[in-house]
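Structural overview
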Amino acid sequence: MEAHRFACDGHFFEVRFERTPEGWIGRISRDGAAEVQVIAFPDGAGFDPDDVRGSLIAGCEAAVQRIRWPAPTHH
């Protein structure tokens, strides 16, 4: 599935999706950060069967608002 890019609170994010036997994995990265947040979406309730991609995107965009990203360090 194609990656999705979006903005939230002045930051840009990209999520890459991977299908697994148990469901979907979303790997969310923030521009300029080395960290990647991994979110699992097990098969089952919560997916719109006619728009799985839209369901995954909505879940990732909602999750980004709750993730505590590390503050940038200055060297």
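Data block above holds the structure.
First, a word on what this report is: a plain description of the structure on this page. Computed from a predicted structure; not experimentally measured.

**Quick look at the pattern of salt bridges**
Taken as a whole and assessed by the stated rule, the structure comprises 5 salt bridges. Across the pair Arg-5 and Glu-14 runs a salt bridge whose closest N-O atoms are separated by 4.0 Å. For Glu-14, a relative accessible area of 18% corresponds to the buried category. One salt bridge connects Asp-43 with Arg-19, and the closest N-O pair in it is separated by 3.0 Å. Residue Asp-43 is located in the loop between β4 (36-42) and α1 (52-64), and its partner Arg-19 is located in strand β2 (residues 11-20); the two are separated by 24 residues in the primary sequence.

**Overview of unusual backbone geometry**
With a phi angle near 50°, Asp-9 is a residue other than glycine that sits in the positive phi range. Looking at the secondary structure, you find Asp-9 in the loop between β1 (4-8) and β2.

**Quick notes on the side chain of His-4**
With respect to the helices and strands, the residue His-4 is situated in strand β1. Among the polar contacts made by the side chain of His-4, one reaches the side chain of Glu-61 at a distance of 2.8 Å. Not counting the four nearest positions on each side in its chain, His-4 is found in contact with Phe-13, Glu-14, Val-15, Phe-17, Arg-53, Ile-57 and Glu-61.

**Some remarks on the sheet that holds β4**
Taking strand neighbours across the sheet as the criterion, the 4 strands line up as β1-β2-β3-β4 in an open arrangement whose pairing is antiparallel. Edge positions in the open sheet fall to β1 and β4, since each of these has one partner strand only. Sheet twist, expressed as the mean angle between neighbouring strand axes with direction ignored, is 25°. As paired strands, β1 and β2 are joined by 5 bridges and run antiparallel to one another. When the sheet's bridge partners are listed, Phe-6 is paired in β2 with Phe-13.

**Re the environment of Gln-65**
By the element assignment, Gln-65 lies in the segment after α1. In the structure, Gln-65 is positioned 37 residues away from Ile-28 in sequence and 12 Å away in space, judged by C-alpha atoms.

About the criteria used
- Residues numbered from 1 in each chain as written.
- Predicted model: local features only at pLDDT ≥ 70, side-chain atom pairs only at ≥ 80, totals over all residues.
- Heavy atoms only, no water.
- Salt bridge = Lys/Arg side-chain N within 4 Å of Asp/Glu carboxyl O.
- Buried < 20%, exposed > 50% of the residue type's maximum accessible area, 1.4 Å probe, protein only.
- Helix = DSSP H or I, 4+ residues; strand = E, 2+ residues; numbered from the N terminus.
- Polar contact = N/O pair within 3.5 Å; in protein donor to acceptor, adjacent residues only side chain to side chain.
- Contact = heavy atoms within 4.5 Å.
- Pairing = 2+ DSSP bridges.
- Axes fitted to C-alpha atoms, helices over the stretch in contact; angles between N-to-C directions.

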